[in-house]
Amino acid sequence: MAMTGAQAIVECLKREGVEYVFGMCGHTNLAMLDALADSGIRFISVPHEQIAAHAADCYYRITHKPGVVLTTIAPGLSNALVGILDAAADCSSVVVISGNVPTSYIGRDAFQELSTHSDAAQHEVVRPVVKRAWQVQDPGLLTHTIARAFNYALSGRPGPVLVDVPMDLFSYVGEFEIPELTRRRPLAGRPAGDPDAIAQAVRLLSEAQRPVIFAGGGVLLSEASAELTKLAEYMGLPVITSMIAQGAIDNAHPLHFGFTGSVGTPTANDLARQADVALAIGTRFSEMDCNSWLPQHFFPTDCKVIQVDIEPTEIGKVIPVELGIVGDARRVLAQLLEAAQTGAPPADWRAAPRFRELDARRKAWADELRAAQASSSEPLELERVIADLRAVMPDDGILIAGVGPRHLVGQHYPVRRPQTHIVASGNGTMGLAVPGALGAKLGRPDVPVVALVGDGEFRSVSQSLAPAVEYGIPVVWVVLNNYGFNIITLYQHRHFERSYGTEFKVEENGSDYNPDFVAMARAYGAEGRRVERAEDLKAALEEAIAANRPYVLDVVVTKTPRIRASGYWDANRFIRPGWNL
């Protein structure tokens with residue numbers, strides 16, 4: 001049967017099981033929109049393409065089904081770039097389909113053609129942040145390229161890809177072969193580690209005096225939480241995580257000791273600093289997680305690092321390794337457990353002096369946090385907001401932490417299940433959490449989804465309220481309102497003893513300024529409520545979640561949060577002058 005190129009692409013998406021396409025209209029993708037209209041795939045139209053990319057990214061993080069983005073030519077695609085960059089940094093499978101100038105117009109400076117250095121070159125702009133970018137110039141290659149795109153996005157280490165389509169190919173009418181996309185990629189997507197290396201790793205861990213597991217986001221991507229927990233329990237290995245990997249093990253598990261980094265938990269940072277053998281699995285060793293890689297603040301120089309990653313080029317890239325194992329986190333953890341069970345009985349770790357000491361330190365840390373979590377001061381303490389949110393959220397509820405509060409969330413919000421916590425980690429974009437909640441909620445409509453964001457982040461992409469109302473996506477946004485880019489303000493005061501360009505004020509009189517977030521929410525058609533007293537907070541959170549409609553809570557919080565930094569970040573050495581030199 002003859003069909004258009006756009007219809008052929010949509011048939012491919014249907015065979016992949018795509019439920020949603022996030023994007024924005026434009027003259028170059030109108031034929032694609034028309035093909036989507038009767039397809040059964042829901043198009044989520046957004047007011048800015050950054051919103052589409054973040055929503056697709058978080059949809060993948062929750063479901064592990066690829067997110068799909070549709071944009072128009074250069075302005076549309078370039079607007080999505082920062083969201084694609086987040087997907088790349090945090091290994092999210094996102095397939096971006098963009099429209100471009102007609103093939104016969106390429107190189108003639110057609111309307112919106114990007115041709116400064118090469119013709120119709122918008123895919124070159126995106127190339128540095130995707131696993132692969134294609135520009136299709138033959139209609140016969142359309143469905144073939146879509147199949148390859150999903151293969152690249154989902155196989156090995158996940159990541160975003162781009163398929164750039166000249167607009168005439170969307171409208172081209174012909175007979176297309178619609179491939180079975182699952183037959184275009186490996187069926188055995190979980191490569192195992194080398195058996196000799198597995199045996200050597202178990203021996204190193206068994207003989208260590210101060211072993212530790214450092215779990216990264218790859219554990220969540222491989223859905224390996226059960227295998228991680230079983231290995232830790234059998235061998236008696238304490239588990240620490242990167243910021244993005246919270247939930248890789250139940251944070252209430254007695255072998256979990258927090259996340260590392262400049263504002264990580266002190267027990268986790270100390271375990272890293274004191275380790276003699278470390279099993280690092282599914283992590284890129286990012287600077288923020290690894291205390292700028294300084295051996296006095298992270299793994300010491302004599303620590304024997306066993307690195308496991310599905311991407312061979314990650315092995316030893318940042319930290320020299322004693323043993324590098326290429327393989328999928330879930331398969332390798334299962335292999336390690338099998339080898340450990342063959343070689344020795346389970347470790348009696350609960351009674352060991354090391355764990356009694358670690359448990360005592362963890363409890364002391366929890367006691368230190370408790371006072372702030374119960375604070376009734378006004379403006380509200382961030383710790384109180386996070387603790388009350390944890391109290392009302394079910395264990396399977398999804399929290400998306402904005403770039404401002406993400407470290408405090410890690411300290412005060414125990415994540416009980418995998419894929420219930422999202423954070424902009426690798427790229428740290430201010431803006432992911434607000435629209436990202438849309439994709440997460442569409443992926444898991446059966447559980448509450450809350451985005452905890454700073455007022456600066458909410459202001460930057462607050463138009464995400466529009467699609468939430470248009471498509472009935474009942475997300476709750478808790479806006480921490482302290483009238484500024486507060487974390488950056490704190491750094492300014494520490495280094496330069498003043499602030500400039502980081503606080504929201506009326507220039508004429510210096511008074512604090514923010515739009516009325518509650519009125520803004522209602523103007524969009526959402527619900528809203530302002531919270532200024534600690535005693536009102538929990539009821540307001542419960543009301544917002546129970547409302548089952550888009551809801552904004554404007555929570556007035558302190559400008560001087562208590563940041564408990566137990567790690568180190570070398571950026572302070574370069575900001576200058578002043579503090580921490």
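Note: the structure precedes this text.
A brief structural summary. (Residues numbered from 1 in each chain as written. Predicted model: local features only at pLDDT ≥ 70, side-chain atom pairs only at ≥ 80, totals over all residues. Heavy atoms only, no water.)

A few points about the overall build of the protein
Regarding its fold elements, the protein presents 23 helices and 20 strands. For a compact globule of 581 residues, the expected C-alpha radius of gyration is about 25 Å, and the protein comes in at 25 Å, within 12% of that figure. For the protein, the spread of C-alpha atoms along the three principal axes comes to 75 × 70 × 45 Å. Across the 581 residues of the protein, 58% fall into the buried class. Considering only residue pairs separated by 6 or more positions, the protein has 75% of its internal contacts joining residues 24 or more positions apart. Looking at the protein as shown, the accessible area adds up to about 22900 Å², and 50% of this sits on carbon and sulfur atoms. Here the protein contributes 53 positively and 66 negatively charged side chains, and the mean placements of these two sets differ by 4 Å. (Helix = DSSP H or I, 4+ residues; strand = E, 2+ residues; numbered from the N terminus. Rg over C-alpha atoms; globule rule 2.2 N^0.38 Å. Buried < 20%, exposed > 50% of the residue type's maximum accessible area, 1.4 Å probe, protein only. Contact = heavy atoms within 4.5 Å. Areas by Shrake-Rupley, 256 points an atom, 1.4 Å probe, with all protein chains shown as cover. Lys, Arg positive; Asp, Glu negative; His and termini not counted. Charge placed at Lys NZ, Arg CZ, Asp CG, Glu CD.)

Observations concerning the pairing of strand β18 (residues 476–481)
Burial within β18 is extensive, with six of its six residues counted as buried. Alternating residues of β18 divide into Val 476, Val 478 and Leu 480 and Trp 477, Val 479 and Asn 481, and every residue in both groups is buried. Relative to β18, strand β17 (residues 449–454) runs parallel, the two sharing five bridges. Its bridge partner lying in β18, Val 453 is registered against Val 479. (Pairing = 2+ DSSP bridges.)

Describing the sheet that holds strand β13 (residues 304–309)
Taken in spatial order, the six strands of this open sheet run β11-β10-β9-β12-β13-β14, and their pairing is parallel. One side of each edge strand has no neighbouring strand; the edge strands of this open sheet are β11 (256–259) and β14 (323–326). This sheet shows a mean twist of 20 degrees between the axes of neighbouring strands, independent of strand direction. Docked against the sheet, helix α12 (residues 266–274) engages β9 (211–215), β10 (239–241) and β11, running at close to 95 degrees with respect to β11. (Axes fitted to C-alpha atoms, helices over the stretch in contact; angles between N-to-C directions.)

Re the state of the cysteines
All chains considered together, the criterion is met by zero disulfides. Free of any disulfide, Cys 290 has its nearest cysteine sulfur in Cys 303, 11 Å distant. (Disulfide = S-S within 2.5 Å.)

A short note on the nonpolar core
Nonpolar side chains in soluble globular proteins tend to end up buried together. In this structure, Ile 213, Leu 228, Phe 285, Phe 299, Ile 306 and Ile 325 are the most contacted members of the largest nonpolar core, which totals 56 residues. Once residues lying within four places of it in the same chain are set aside, the contact partners of Ile 213 are Leu 228, Leu 231, Ala 232, Leu 237, Pro 238, Val 239, Ile 240, Leu 279 and Ile 281. With 53 residues, the next largest nonpolar core counts Ala 52, Ala 424, Phe 458 and Val 461 among its residues. (Core = buried A, V, L, I, M, F, W, Y, C linked by side-chain atoms within 4.5 Å.)

Overview of α12
Note that an α-helix has 3.6 residues per turn; residues three or four places apart therefore point the same way. Of all the nine residues making up α12, seven are buried; the element is thus mostly covered by neighbouring parts of the structure. Inspection of α12 places Pro 266, Thr 267, Ala 268, Asn 269, Asp 270, Leu 271 and Ala 272 among the buried residues, and these make up the whole buried set.

Looking at helix α14 (residues 353–373)
In this model α14 runs 30 Å from its N-terminal to its C-terminal C-alpha over 21 residues, within 8% of the 30 Å that 1.5 Å per residue would give. Within the span of α14, buried status applies to Phe 355, Leu 358, Arg 362, Trp 365, Leu 369 and Ala 372. Along the axis of α14, the buried positions cluster into a sector of 90 degrees, meaning they face one direction only. Among the exposed residues of α14, those oriented more than 90 degrees off its buried face are Pro 353, Glu 357, Lys 363 and Ala 371. (Expected span 1.5 Å × (residues − 1). Arc of directions from axis to C-beta.)

Structural notes on the pairing of strand β6 (residues 132–135)
In the case of a regular strand, side chains alternate between the two sheet surfaces. Sheet topology note: the β6/strand β7 (residues 161–166) ladder contains four bridges and is parallel. Note that in β7 the partner of Trp 134 across the bridge is Val 163. Traced from β6 through helix α7 (residues 142–154) to β7, the parallel crossover comes out right-handed. (Right-handed = clockwise from strand over helix to strand, strands pointing away.)

Regarding the sheet that holds β7
The strand order across the open sheet built from six strands is β3-β2-β4-β5-β7-β6, with neighbouring strands paired in parallel fashion. The sheet is open, and its two borders are formed by β3 (42–45) and β6, each paired with just one other strand. Strand-to-strand, the axes of this sheet are offset by a mean angle of 20 degrees, without reference to chain direction. Of the pairings in the sheet, the one linking strand β4 (residues 67–71) to strand β5 (residues 94–100) comprises five bridges and is parallel in character.

Details of the packing of helix α3 (residues 49–63) against helix α5 (residues 81–89)
At a minimum axis separation of 7 Å, α3 and α5 run at an interaxial angle of 20 degrees. As summarised for this structure, α3 and α5 are arranged roughly parallel, according to the angle between their axes. As α3 packs across α5, the resulting crossing turns out to be right-handed. Where α3 approaches α5, its residues Gln 50, Ala 53, His 54, Asp 57 and Arg 61 are matched on the opposing element by Val 82, Gly 83, Ile 84, Asp 86 and Ala 87. (Parallel < 35°, antiparallel > 145°, perpendicular 65-115°, else oblique. Left-handed = near helix turned anticlockwise from the far one by under 90°.)

Concerning the packing of aromatic side chains
As enumerated under the stated definition, the model contains 15 aromatic pairs in all. Of note, Arg 390 hangs over the ring of Tyr 413, and the distance from its end group to the ring centre comes to 4.4 Å. Seen from the ring of Phe 504, Arg 459 lies directly overhead, with NZ or CZ sitting 3.8 Å from the centre. (Phe/Tyr/Trp six-rings, centres within 6.5 Å; stacked < 30°, edge-to-face > 60°. Lys NZ or Arg CZ within 6 Å of the ring centre and 35° of its normal.)

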